[in-house]
Amino acid sequence: TAGFDVEAVRRDFPILQEQVNGHPLVYLDNAATTQKPRAVIDAISHYYLHDNSNVHRGAHALAERATAKFEAARSTVAEFLNAPHREQILWTRGTTESINLVAFSWGRNNLKAGDRILVSAMEHHSNIVPWQMVAEATGATVEPIPVDETGTLELAALETLLEQGQVRMVAVGHVSNALGTVNPIDDIIALAHKHGALALIDGAQAVSHWPIDVQALDCDFYVFSAHKLFGPTGFGVLYGKRDLLEAMPPYQGGGEMIQSVSFAGTTYNQLPYKFEAGTPDIAGAIGLAAAIDYLNGLDREAAAAHERALLAYAEEKAFATPGITLVGTAAHKVSVLSFLVEGTHPNDLGFLLDQQGVAVRTGHHCAQPIMEQYHIPGTVRASFAFYNTSDEVDRLFEALEKARQFF
Ligand code: PMP
């Protein structure tokens, strides 16, 4: 793509030089986790080499440095999401923990028998199971918003579900990890609010593709994982509207989250610390901030255009290859190609691709309900990041052709 120097960008990601099974690595599993630029790896090792200390309590220089970097990271994320206040950015272990936090803290306090929670039929398990658990505890129910054969969420059906009343929460993915569908979350959030429900957006698969503005979206909660944004694993973010977070009880108890503890009664800390019990993943926050700084240094529009071109090229090749069926053909998609090859099982194909150095994911992608709806065991999923190239798309299709000869 004009204006985007993919070879220069690739040099920022050391792992892309790896050889796998005797072949140069072709990493097409970016929806599972993204690779890390040297800037992120360096920021984390610099922290451990020079600043390592516990945060918020030390009376010494390292503790001050660690705290300053840790809290600066919160400001970086607040700016990245355009959150009104940095206190509305809570650190978690990732998307999964962020959703569990809302489900348990908000859900247990606000849901009662007969209340309804809507999630889309193509959600990741992490945006289904926490709601089922809190539904079981409160007598609420979890219902799917229908998704059609192309992988498009049916907005009219969502409206019908909302009109039936008592929906308290609409929790949907911004982008489906299994199909690549981009959901019309502006409309979904507006519809939820019109009917008195809150809206939680699982941004795990969206944040790496374009800038997010939580104020423009007006979502109540927005969650994502650092590792899908070129940052470290096991770290993530929960953004919430301030009045909601203020009213929610702590999710876990321990150090950091208290104001004062006594056997006569304990009081809780202010936002965001009320939700951050225990010593946090300090290096995780620093690594995430470094990833965001790295992204901010790219031409993100050019990166997105490059990804769109990769998807278009891959789709063209898929259409030209007999026996390939695409799963997920929504009009608005990110660079995810989920597919089946006639006469082969996705897992066998994944193995044969790996033998040729091509890394994809196979299986149900933690989205079993939509696989069940489509009557398939899973798919082969190639997911592209801005550091992938059209040569790598060629390598994928060459490897698929070789794999097919094997069957
Ligand atoms: N939601 C979506 C849409 C995802 O793609 C993923 C990761 N595959 C998750 C949630 C869970 O993220 P994590 O495992 O980092 O908590």
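Per an unreviewed UniProt entry, the chain goes by the name Cysteine desulfurase and belongs to Marinimicrobium koreense. UniProt annotates the chain under Sequence similarities (unreviewed entry) with the comment "Belongs to the class-V pyridoxal-phosphate-dependent aminotransferase family. Csd subfamily." According to the UniProt record, the Cofactor (unreviewed entry) comment for the chain reads "pyridoxal 5'-phosphate".

1. Overview of the overall build of the chain
Counting its secondary structure elements, the chain contains 14 helices and 17 strands. Seen through its principal axes, the chain has C-alpha atoms that stretch 75 × 55 × 35 Å. Evaluated residue by residue, the chain yields a buried proportion of 56% over its 407 residues. The long-range fraction of contacts in the chain, counting pairs at least 24 apart against all pairs at least 6 apart in sequence, stands at 71%. Approximately 16600 Å² of the chain is accessible, and the part contributed by carbon and sulfur atoms is 52%. If you average the places of the 28 positive and of the 47 negative side-chain charges in the chain, the two averages end up 4 Å apart.

2. Some details on the layout of surface pockets
Vacant regions in the atomic arrangement are exposed by a probe of water-molecule size rolled over the atoms. Here the largest pocket defines a volume of roughly 340 Å³. If you go around the largest pocket, you meet 27 residues; those closest to its centre are Thr95, His124, Ser126, Ala204 and Lys228. The element best represented in the lining of the largest pocket is helix H4 (residues 95-110), accounting for three residues. When the residues that make up the lining of the largest pocket are grouped by side-chain class, the tally is six nonpolar, 14 polar and seven charged.

3. Some remarks on the site of the ligand
Lining the immediate surroundings of the ligand are Thr95, Thr96, His124, Ser126, Asn177, Asp202, Ala204, Gln205, Ser225, His227 and Lys228. At 3.5 Å from an oxygen atom of the ligand is found a main-chain nitrogen or oxygen belonging to Thr95. Between the ligand and His227, the relevant distance is 2.8 Å, taken from an oxygen atom to a side-chain nitrogen or oxygen of the residue. Calculation on the ligand without its partners gives an accessible area of 400 Å², and the protein chains cover 85% of this total. Among the residues making up the shell around the ligand, the classes are represented as one nonpolar, eight polar and two charged.

4. Section: the UniProt feature "domain: Aminotransferase class V" (unreviewed entry) in the chain
In the numbering used here, UniProt assigns the "domain: Aminotransferase class V" (unreviewed entry) feature to residues 26-396. When the span residues 26-396 is considered, its composition is 40% helix and 17% strand, and the gap between its end C-alpha atoms is 8 Å.

5. A few points about the pairing of strand S8 (residues 198-202)
On any regular strand, side chains alternate: one points to one face of the sheet, the next to the other face. Burial of S8 is extensive: five of the five residues sit out of reach of the surface. Side chains of S8 alternate between two faces, with Leu198, Leu200 and Asp202 and Ala199 and Ile201 buried alike. Relative to S8, strand S7 (residues 167-173) runs parallel, the two sharing five bridges. Counterpart to Val172 in the pairing with S8 is Ile201. Handedness of the crossover joining S7 and S8 through helix H7 (residues 185-194) is recorded here as right-handed. With three bridges joining them, S8 and strand S9 (residues 221-225) adopt parallel strand pairing.

6. Here we look at the environment of His209
With respect to the secondary-structure elements, His209 resides in the loop between S8 and helix H8 (214-217). A relative accessible area of 10% means that His209 is categorised as buried. Separated by 125 residues in sequence, His209 and Val334 have C-alpha atoms that sit 7.7 Å apart. Other than its neighbours up to four places away in sequence, His209 contacts Arg300, Ala304, Glu307, Val334, Ser335 and Phe384.

7. Observations concerning the side chain of Thr379
With respect to the secondary-structure elements, Thr379 resides in strand S17 (residues 379-383). You can call Thr379 buried: its relative accessible area is 0%. At 2.7 Å, the side chain of Thr379 and the side chain of Ser338 are in polar contact. Setting aside anything within four residues of it in sequence, one finds Thr379 in contact with Val327, Ser338, Phe339, Leu340, Pro346, Arg361, Thr362, Gly363, His365 and Met371.

8. A closer look at the pattern of salt bridges
Charged atoms that come close allow side chains of opposite charge to pair. The full count for this structure, using the stated rule, is 20 salt bridges. Note that Arg93 and Glu97 form a salt bridge whose closest N and O atoms lie 3.7 Å from each other. Relative accessible area serves as the criterion here: at 61%, Arg93 is assigned to the exposed category. Linking Asp218 and Lys241 is a salt bridge whose minimum nitrogen-to-oxygen distance equals 2.9 Å. Within this pair, whereas Asp218 is found in the loop between H8 and S9, its partner Lys241 is found in the loop between strand S10 (236-240) and helix H9 (242-247), the two being separated by 23 residues in sequence. Residues participating in the shared-partner salt-bridge network are Glu71, Arg74, Arg86 and Glu276.

9. Comments concerning the side chain of Asp51
Structurally, Asp51 is set in helix H2 (residues 38-51). Among the residues examined, Asp51 registers a relative accessible area of 2% and is labelled buried. Side chain to side chain, Asp51 and Lys69 meet in a polar contact 2.7 Å long. Sequence-distant contacts of Asp51, that is, excluding residues within four places in its chain, are made with His46, Leu62, Arg65, Ala66 and Lys69.

10. Description of the sheet that holds strand S13 (residues 324-326)
Pairing within the open sheet is antiparallel, and its four strands lie in the order S13-S14-S17-S16. Looking along the sheet, the strands with just one partner apiece sit at the ends: S13 and strand S16 (361-363). Taking the axes of each pair of neighbouring strands and ignoring which way they run, one obtains an average angle of 30° across the sheet. Examined bridge by bridge, strand S14 (residues 336-341) and S17 share four bridges and lie antiparallel to one another. The partner of Val336 across the bridge, within S17, is Ser383. Its contacts with the sheet put helix H14 (residues 390-406) on S13, S14 and S17, and the angle it makes with S14 is roughly 15°.

Reading guide: rules and limits
Residues numbered from 1 in each chain as written. Predicted model: local features only at pLDDT ≥ 70, side-chain atom pairs only at ≥ 80, totals over all residues. Heavy atoms only, no water. UniProt positions renumbered as here; feature names shortened; annotations may be inferred. Helix = DSSP H or I, 4+ residues; strand = E, 2+ residues; numbered from the N terminus. Buried < 20%, exposed > 50% of the residue type's maximum accessible area, 1.4 Å probe, protein only. Contact = heavy atoms within 4.5 Å. Areas by Shrake-Rupley, 256 points an atom, 1.4 Å probe, with all protein chains shown as cover. Lys, Arg positive; Asp, Glu negative; His and termini not counted. Charge placed at Lys NZ, Arg CZ, Asp CG, Glu CD. 1 Å grid on protein atoms, 1.4 Å probe; cavity = no way out; pocket = protein on both sides within 12 Å on 5 of 7 lines; lining within 4 Å. Points joined across faces, edges and corners; volume = space filled by probe spheres on them. Nonpolar A, V, L, I, M, F, W, Y, C, P; charged D, E, K, R; others polar. Near = heavy atom within 4 Å. Polar contact = N/O pair within 3.5 Å; in protein donor to acceptor, adjacent residues only side chain to side chain. Pairing = 2+ DSSP bridges. Right-handed = clockwise from strand over helix to strand, strands pointing away. Salt bridge = Lys/Arg side-chain N within 4 Å of Asp/Glu carboxyl O. Axes fitted to C-alpha atoms, helices over the stretch in contact; angles between N-to-C directions.

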